[in-house]
Amino acid sequence: MNLRFEGKFDEASALYESLHARAPRDAHVLYESGLCLLSMGKTADAEARFRESVEIAPQAPPAHVMLGLALKTRGRLHDAIAAFDRALEFDPQYFQAWMERGLAFGALDRVNDAIASFDKAIAIEPTSLTAIGHRGDALRRAGQIDQALACFDHVLTSDPDDTVALLGRGAALSNVRRNAEALECIEPVLSLQPHNVHALNNRGNVLVNLHRYEEAIQSFERVLELDPTYIAAWINIANVLATLNRYDDAKAASDRALTLGPESPAAHWNAALIDLRAGRYDSGWERYEVRWLMTGFGAPKHRNIKQWLGKDDLKGKRIVLWHEQGLGDTIQFCRYAIMVAALGASVVLEVQPALKPLIAESFKGVAQVIGTGEAGPFCDYSTSLMSLPLAFETRAESIPFAPRYLKANPARVQAWSERLGPSQGKLRIGLACTGNPKHKGDLERSIDLGMLASISRYGELYIVQKDARQGDRATLAARPEIVHFGDALTDFGETAALVENLDVVISVDTSLAHLAGALGKPVWILLPTHADWRWQLERDDSPWYPSARLFRQRTAGAWDEVVARVCEALEGLKR
């Protein structure tokens, strides 16, 4: 029976078929037949053979693992994990079952479960470079870059040509924007294995980080020539096409990823962002719920409380609405507390401590506001703020409570009025040029203050954010006419009071843009070419904030042209 080992799968399969006809209950024959069929790409037939094999001989871990592999190949990842778990019931020390289980969890983006599985595999075979390499990749996806690099370096010390470790190390370096070093890891693999789809896909991702979009598309297209079923490449090319404003092509690529990976959280997440960016809120909000299966979002809060998504009657019930992402997200979606209260519910609104004073001032009589980690009253239901658009079936024409739903404390507003002093007959312009440096898109969305300093000739310029980056401090020192209040902005209630005293706010895509919009203040938002989904496509206004005006880059990284348009618009506002 050396035919299968010699790669003669057709001949081997025919032989096993004849043996199966004579001995239909022989589990070994069924298993070997399944191996041939799987190698031939006949995954449905292989699944049937392995299933018959484990029914006849259920205590055979290898057959359960191969059934899992067939199911995994067919995109049925949860069923595959169940098969691997079944193998481990019979042999908890079965190395290959733990390995395949880890890979399946990785495909579901459940990286902590993947890491746990690889840890089990390594405990069984501590010298397995393959297990250590895959553990490194799972750690990388969990954001534990230093630990991931340690795994890859351990492997490469023993085998400098290990493909998995080289590609994993390149991906980890790319994650922390060390893109030149990342390419140095990937290119040797491609020089030896020019058809390695994983290397080509990773190379495409690095080229995206370098804004070499056309080259990135070529890499992803080459992947798909070699393997049209490679889901990650379909997702990646969809993202690049969207970045290049080729939205129809991006949606087609995203749809292909969904067809190939109906259980892939990454495919659904990518489709959600494309839908929301295009204003297709009906499918977008529903798909957006897949975020809880994505690395980086963590587990939902208040899991011991029943989730409300619009179906249950809330009259006479108490519900906690809790923040899950950034400060800007909380500001954008806290407006829904008013709608929930209108259903007869007693609302508890849980927000970040920096937002608590402002939110409490704005929602007096509507909600009890608590800060993160504070004890709240017993609640019958809970809902994430960012799931409320789904609960209320929000569409572009039904976005609630614009143009204004936040308000600053009048006493604080007056205090800032006195601090600024009498108007000198010039525009009072607020400015925010940077966001959270930990945001993965921060390099694209933030602007050096020096590029915006010319705006000061149109009025009094105030930096409306607490912190200033090192480079911006140098600009502030050289341009004393630009005022930075810094530590005086102790919370968002204080910032809101300052904003109320300004004529216009000019901000990159950060929490201040949301704050100004929620206050109904004229806000000009400066956006990169591929802006966040909430700003939709190509439009220069926002249904979320009627007081907003959007200034988009026309060429990636070209902020000079954006600033020139802002200055032109300010000419029309000059007093």
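For every chain, the first residue of its written sequence is number 1, and the numbers climb from 1 along that sequence. Residues qualify for local features only when their pLDDT is at least 70, as the model is predicted, and side-chain atom pairs are given and counted only at 80 or more; totals for whole chains, interfaces and linings, by contrast, use all residues. Computation of side-chain values: all heavy atoms of the structure, hydrogens and water removed.

### Here's the deal with the sheet that holds strand β1 (residues 306-307)
Then comes step 1: Pairing is parallel across the open sheet formed by 5 strands, whose spatial order is β1-β5-β2-β3-β4. Where the open sheet ends on each side, the last strands, each with one partner, are β1 and β4 (367-371).
Then comes step 2: Two strands pair if DSSP finds at least two bridges between them. Secondary structure follows DSSP: runs of H or I at least 4 residues long count as helices, runs of E at least 2 residues long count as strands, and numbering of each begins at the N terminus. As judged from the 5 bridges shared by strand β2 (residues 318-322) and strand β3 (residues 346-351), these two strands associate in the parallel manner. Paired with Leu 321 across the strands is Leu 349, a residue of β3.

### Quick look at the confidence of the model for the chain
Then comes step 1: Confidence scores here are pLDDT values: one per residue, from the predictor, ranging 0 to 100. With 94% of its residues at a pLDDT of 70 or more, the chain has an overall mean of 88.
Then comes step 2: At the level of individual helices and strands, the chain shows its lowest average pLDDT in helix α1 (residues 9-22), which scores 59, and its highest in β2, which scores 97.

### Overview of the nonpolar core
Then comes step 1: Ranked by internal contacts, the top residues of the largest apolar core, which has 82 residues, are Leu 38, Phe 50, Met 66 and Ile 237.
Then comes step 2: Top contributing element to this core by residue count: helix α14 (residues 231-243), with 8 residues.
Then comes step 3: Beyond its immediate stretch of four places on either side in the chain, Leu 38 contacts Thr 43, Ala 46, Phe 50, Met 66, Leu 69 and Ala 70.
Then comes step 4: As used here, the term nonpolar core means buried Ala, Val, Leu, Ile, Met, Phe, Trp, Tyr and Cys residues forming a set that is joined through side-chain atoms within 4.5 Å. Whether a residue is buried, partly exposed or exposed follows from its accessible area with a 1.4 Å probe, protein chains only, as a fraction of its type maximum: under 20%, in between, or over 50%, in that order. Counting residues in each nonpolar core, the second largest holds 68 residues, with Val 290, Met 386, Ala 497 and Leu 502 among its members. Only heavy atoms matter for contacts: two residues are in contact if any of them lie within 4.5 Å across the pair.

### Some thoughts on the packing of aromatic side chains
Then comes step 1: Only rings of Phe, Tyr and Trp enter the pairing, Trp through its six-membered ring, and a pair is recorded when the two centres are within 6.5 Å. The plane angle decides the type: under 30 degrees is stacked, over 60 is edge-to-face, the rest tilted. In this structure the tally under the stated criterion is 16 aromatic pairs.
Then comes step 2: Taking 5.5 Å as the distance between ring centres and 70 degrees as the angle between the ring planes, the aromatic pair formed by Phe 333 and Trp 544 counts as edge-to-face. With a gap of 211 residues between them, Phe 333 in helix α18 (residues 327-333) and Trp 544 in the loop between β10 (523-527) and β11 (548-552) connect regions that are remote in the sequence.
Then comes step 3: Judged by relative accessible area, which is 1%, Trp 544 ranks as buried.
Then comes step 4: Aromatic side chains Tyr 462 and Phe 485 sit 5.9 Å apart centroid to centroid with 10 degrees between the ring planes, which places their arrangement in the stacked category. Within this pair, whereas Tyr 462 is found in strand β7 (residues 459-463), its partner Phe 485 is found in the loop between β8 (482-484) and α26 (492-500), the two being separated by 23 residues in sequence. The residues Tyr 462 and Phe 485 share a single accessibility class, namely buried.
Then comes step 5: Through pairs of rings, three or more aromatic residues link up here, namely Trp 269, Tyr 281, Trp 285, Tyr 288, Trp 308, Phe 333, Tyr 336, Phe 392, Trp 533 and Trp 544.
Then comes step 6: Here, over-ring charges are defined by two tests on the NZ atom of lysine or the CZ atom of arginine: distance to the ring centre within 6 Å, and angle to the ring normal within 35 degrees. Here Arg 549 stacks its cationic end above the ring of Trp 524, 5.4 Å away from the centre of that ring.

### Re the pattern of salt bridges
Then comes step 1: Any carboxyl oxygen of Asp or Glu within 4 Å of a side-chain nitrogen of Lys or Arg constitutes a salt bridge here. Scanning the model with the defined rule gives 36 salt bridges in all.
Then comes step 2: Between Glu 374 and Lys 356 there is a salt bridge whose closest N-O contact spans 3.1 Å. A residue pair is termed long-range when its members are at least 10 positions apart, and Glu 374 in the loop between β4 and β5 (381-384) and Lys 356 in helix α20 (residues 356-362) qualify at 18 residues.
Then comes step 3: Take Lys 356: its relative accessible area is 26%, and that puts it in the partly exposed class.

### Overview of the packing of helix α9 (residues 145-158) against helix α10 (residues 163-175)
Then comes step 1: Every axis in this analysis is a line fitted to C-alpha atoms, fitted for helices over the stretch in contact. Angles between the N-to-C directions lie between 0 and 180 degrees. Between α9 and α10, whose axes approach to 9 Å, the crossing angle comes to 155 degrees. In terms of their interaxial angle, α9 and α10 are classed as roughly antiparallel. When you trace α9 past α10, the crossing you get is left-handed. For the pair formed by α9 and α10, the contact residues are Ile 145, Leu 149, Phe 152, Asp 153, Val 155 and Leu 156 on the first element and Ala 165, Leu 166, Gly 168, Arg 169, Ala 172, Leu 173 and Asn 175 on the second.
Then comes step 2: Side-chain classes are defined by residue name, with Ala, Val, Leu, Ile, Met, Phe, Trp, Tyr, Cys and Pro counting as nonpolar, Asp, Glu, Lys and Arg as charged, and the others, Gly among them, as polar. Class assignment of the residues belonging to the contact of α9 with α10 gives a composition of 9 nonpolar, 2 polar and 2 charged. For this classification, under 35 degrees means roughly parallel, over 145 means roughly antiparallel, 65 to 115 means roughly perpendicular, and everything else is oblique. By convention, the crossing between two helices is left-handed when the near helix turns anticlockwise from the far helix through less than a right angle, and right-handed when the turn is clockwise.

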